[in-house]
Amino acid sequence: MEKHFAVIGDPIAHSLSPLMHNSGYRSAGIEAEYQRFQIPAHALGEAVQGLKALGYAGWNVTIPHKESILAFLDDLTPYAQKAGAVNTVKADQGKLIGHNTDGLGFVRSVEGLLAGFDGRRAVILGSGGAAKGICLALAERGMKIHILNRTLDKARELSETLGQRGYEATYGELKPGEWMKEADLLVQTTSVGLKNEPFPFSLKGIRPQAVVVDIIFRPRVTPFLKDAEAQGCQTLNGLGMLLYQGALAWEFWLGGQAPVDAMRKALFVSI
Ligand code: ATR
């Protein structure tokens, strides 16, 4: 019997998840279909009931529902519980289980580029939803986290939350500083690059050994990544994170290993 999956969010028209998952199903010979639905915030509860009634096996959840979806779920995986946000829901014998693959997907995407995680330093630019998931996943792997944000209070809050959970985290203002000489990994999670605007400061002075990631993938190379390249750093955009959060969601729903190569190919030809 064909299985049904989807992504729900608002806006959703630009989502590459249907293309990525449907290419994966075709490549793995799985009878399944993945759709996208634009669901405004006020209709989330009805949409969840609808998906459940229609027998959807699972769905991804994106902006603006990642936190509000929690009220409609029966259970959370330990990781989703820690993250306080859900991007993947599985319908399991009538029960809805929430999981979060964003941060874990990020970790998988940088795994091959770093010499290791434990004890190394990650500097995170931004303190929004994306930063939270990434900080948690990196801290769980033993990285020391330093968070920089335009609004200092939000960086402090995130750093304190991590500290309360027993992780090593500090924070500061969004500006150049000593951190540039210490970072093993630098992650740009703010929405600055989305409009192709220049980043507020130059990366001049960063260690060339640092791996620099911008979680945006449109444009493929943001001004921030161009600057990092000019400083001799190895760089990565957000396509890897998108790919691996999708692969981990697939594995949560269907078990086994996701056909990552087919999914990657579908993404890369579309961008
Ligand atoms: P997401 O869930 O995608 O991370 P978000 O929660 O809206 O999105 O967070 C956006 C992040 O981008 C925030 O860290 C925001 O900084 P503030 O907390 O100070 O608002 C950051 N951001 C957005 N525009 C920015 C700009 N022009 N300069 C610096 N930081 C910016």
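Bear in mind the structure is a predicted one, so any value in this text is a computation, not a measurement.

Notes on the site of the ligand
- Around the ligand, the structure places 13 residues, and the nearest of them are Ser127, Asn149, Arg150, Thr151 and Lys154.
- Backbone polar atom of Gly129 to an oxygen atom of the ligand: 3.1 Å apart, as the coordinates give it.
- Residue Thr151 places a side-chain N or O atom 2.5 Å away from an oxygen atom belonging to the ligand.
- Look at the ligand: alone it shows 650 Å² of surface, and the protein chains cover 68% of it.
- Its atoms largely coinciding with the cavity grid, the ligand occupies the largest pocket.
- Of the residues belonging to the shell around the ligand, the class tally is three nonpolar, eight polar and two charged.

Comments concerning the pairing of strand β3 (residues 58-61)
- Neither face of β3 is left uncovered, since the one carrying Gly58 and Asn60 and the one carrying Trp59 and Val61 both have all their residues buried.
- Both strand β1 (residues 3-9) and β3 contribute to a ladder of four bridges, which runs parallel. Across the sheet, Phe5 pairs through a bridge with Gly58, a residue of β3.
- For β3 and strand β5 (residues 88-92), the ladder comprises three bridges, and the chain directions are antiparallel. When the bridges of β5 are listed, Asn60 appears paired with Thr88.

Thoughts on the environment of Ser270
- Examined against the element boundaries, Ser270 turns out to sit in helix α10 (residues 260-270).
- Judged by relative accessible area, Ser270 falls into the partly exposed class, the value being 33%.
- Residues Ser270 and Leu19, spaced 251 residues apart in sequence, show a C-alpha to C-alpha distance of 8.7 Å.
- Once you skip the residues sitting within four places of it in the chain, Ser270 turns out to touch Leu16 and Leu19.

Basis of the calculations
- Residues numbered from 1 in each chain as written.
- Predicted model: local features only at pLDDT ≥ 70, side-chain atom pairs only at ≥ 80, totals over all residues.
- Heavy atoms only, no water.
- Near = heavy atom within 4 Å.
- Polar contact = N/O pair within 3.5 Å; in protein donor to acceptor, adjacent residues only side chain to side chain.
- Areas by Shrake-Rupley, 256 points an atom, 1.4 Å probe, with all protein chains shown as cover.
- 1 Å grid on protein atoms, 1.4 Å probe; cavity = no way out; pocket = protein on both sides within 12 Å on 5 of 7 lines; lining within 4 Å.
- Sits in = over half its atoms within 2 Å of the grid points.
- Nonpolar A, V, L, I, M, F, W, Y, C, P; charged D, E, K, R; others polar.
- Buried < 20%, exposed > 50% of the residue type's maximum accessible area, 1.4 Å probe, protein only.
- Helix = DSSP H or I, 4+ residues; strand = E, 2+ residues; numbered from the N terminus.
- Pairing = 2+ DSSP bridges.
- Contact = heavy atoms within 4.5 Å.

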